[in-house]
Amino acid sequence: MDSRKKAVIIGAGTGRIATAAFLAKEGFDVEVYEKNPNPGGRCGQMTQNGYRFDLGATILLMPSIYREVFSALGMDMDKELETSSLEPVYKIFF
Ligand SMILES: Cc1cc2nc3c(=O)[nH]c(=O)nc-3n(C[C@H](O)[C@H](O)[C@H](O)COP(=O)(O)OP(=O)(O)OC[C@H]3O[C@@H](n4cnc5c(N)ncnc54)[C@H](O)[C@@H]3O)c2cc1C
C-alpha cells in the first residue's frame, strides 16, 4: 500500500502545476484534475484554422519568478524552456 500522503489539485494552470510539482517533490502522491482538454489555464493556448491564440498571457513578464520556481525544483528554466526577447515588447496605437 502507498503510504505517501495524497494531494488533489483542482485545475492545471501554472500556479497549481507549480504547487503540484512542489508537493510531489516533498513526497506527496499528487493528482491534478483539469476541466479543460489541455493544461495551462490562463497561460494556455488554442489552435484554430492553423492560427494559434493565447488564452491570457502573451509574454513572460517576470521570468525571474518562473526561474526561481524551476530552480527550487532542481531544474534550470533556461534549459527547459525556449524563450526569446521581444523588441519592442508591444506598440499601442490610438
Ligand atoms: C488577458 C490576460 C493576460 C495576461 N497576461 C499575462 C502576461 O502577459 N504575463 C504574465 O506573466 N501573466 C499574464 N496573465 C496572468 C497569468 O495568465 C495568470 O496569472 C496565470 O495563468 C494564473 O495561473 P493559475 O494557475 O493561478 O490560474 P489559471 O491559469 O486560471 O488556472 C486555473 C485552472 O483551473 C481550471 N479549473 C477551474 N475550476 C476547475 C474545476 N472545478 N475543475 C477542474 N479544473 C478547474 C481552469 O480550467 C484552469 O485551467 C494574464 C492573464 C490574463 C487573463
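Let us look at the structure shown here. Residue indices begin from 1 for each chain and proceed along its sequence in written order. Local features in a predicted model are, by the rule used here, given only for residues with pLDDT of at least 70; side-chain atom pairs are given and counted only at 80 or more, and totals for whole chains, interfaces and linings are based on all residues. Hydrogens are left out, water is left out, and the side-chain values use all remaining heavy atoms of the structure.

Examining the overall build of the chain
So the rule is basically this: Only DSSP runs of H or I covering at least 4 residues are called helices, and only runs of E covering at least 2 are called strands; the numbering of each starts at the N terminus. Our radius of gyration is a C-alpha quantity, and the globule rule it is checked against amounts to 2.2 Å times the number of residues to the power 0.38.
For the chain, the helix and strand inventory stands at three helices and four strands. Mapped in sequence order, the helices and strands of the chain form the string β-α-β-β-β-α-α. Taken over the C-alpha trace, the chain has a radius of gyration of 17 Å; the compact-globule value for 94 residues is 12 Å, which it surpasses by more than 25%. Summarising its shape, the C-alpha atoms of the chain cover approximately 60 × 30 × 25 Å along the three principal directions.

So, the pattern of salt bridges
Rules: We define a salt bridge as a contact between a side-chain nitrogen of Lys or Arg and a carboxyl oxygen of Asp or Glu at a distance within 4 Å. When a residue's accessible area, from a 1.4 Å probe over protein chains only, is under 20% of the maximum for its type it is buried; when over 50% it is exposed; and in between it is partly exposed.
Taken as a whole and assessed by the stated rule, the structure comprises three salt bridges. For the salt bridge of Asp29 with Arg4, the shortest nitrogen-to-oxygen distance reads 3.7 Å. Note that Asp29 is positioned in strand β2 (residues 29-33) and Arg4 in the segment before β1 (6-10), a separation of 25 residues in sequence. Overall, the relative accessible area of 21% leaves Asp29 in the partly exposed class. Relative accessible area serves as the criterion here: at 44%, Arg4 is assigned to the partly exposed category. In this structure, the salt-bridge partner of Glu31 is Lys6, at a minimum N-O distance of 2.9 Å. Remark: Lys6 occurs in strand β1 and Glu31 occurs in strand β2; sequence separation between them is 25 residues. Overall, the relative accessible area of 25% leaves Glu31 in the partly exposed class.

Considerations on the packing of helix α1 (residues 14-25) against helix α2 (residues 63-72)
In plain terms, the rule: Note on geometry: axes are lines fitted to C-alpha atoms, helical ones only across the stretch in contact, with angles between N-to-C directions running from 0 to 180 degrees. Each angle is binned into one of four classes, with values under 35 degrees roughly parallel, values over 145 roughly antiparallel, values of 65 to 115 roughly perpendicular, and all other values oblique. With the far helix as reference, a near helix turned anticlockwise by less than a right angle produces a left-handed crossing, and one turned clockwise produces a right-handed crossing. Working rule for contacts: check all heavy atoms of both residues, and any pair within 4.5 Å makes them a contact. The nonpolar class holds Ala, Val, Leu, Ile, Met, Phe, Trp, Tyr, Cys and Pro. Asp, Glu, Lys and Arg form the charged class, and all remaining residues, Gly among them, are polar.
Taken N-terminus to C-terminus, the directions of α1 and α2 make an angle of 20°; their axes are 10 Å apart at the nearest point. Judged on the interaxial angle alone, α2 and α1 are roughly parallel. Note that α1 runs across α2; the crossing there is left-handed. Note on element contacts: α2 touches α1 through Tyr66, Val69 and Ala72, opposite Thr14, Ala18, Phe22 and Lys25. Residue classes in the contact of α1 with α2 are distributed as five nonpolar, one polar and one charged.

Details of α1
Cut-off, in case you're wondering: Multiplying 1.5 Å by the residue count of a helix minus one yields the expected span of that helix.
Helix length check: α1 (twelve residues) gives 16 Å between terminal C-alpha atoms against 16 Å at 1.5 Å per residue, within 8%. Taken from the residues just after α1, Gly27 is the one with a positive phi, measuring 100°.

As for the site of the ligand
Selection rule: Any residue with a heavy atom lying within 4 Å of a molecule or strand is counted as near it. By the criterion applied in these results, polar contacts are pairs of N or O atoms within 3.5 Å in which, for protein atoms, one can donate a hydrogen and the other can accept it, and in which residues neighboring in sequence qualify only through two side-chain atoms. Here the Shrake-Rupley method, with its probe set to 1.4 Å, supplies the accessible areas, and only the displayed protein chains count as covering residues.
Surveying the vicinity of the ligand reveals 20 residues, the closest of which are Gly15, Glu34, Lys35, Arg42 and Ile59. Within the backbone of Gly15, an N or O atom sits 2.8 Å from an oxygen atom of the ligand. In the environment of the ligand, an oxygen atom lies 2.7 Å from a nitrogen or oxygen atom belonging to the backbone of Arg42. For the ligand, whose accessible area on its own is 1000 Å², the fraction buried by protein is 63%. In terms of residues, the shell around the ligand owes the most to one element, α1, which gives three residues.

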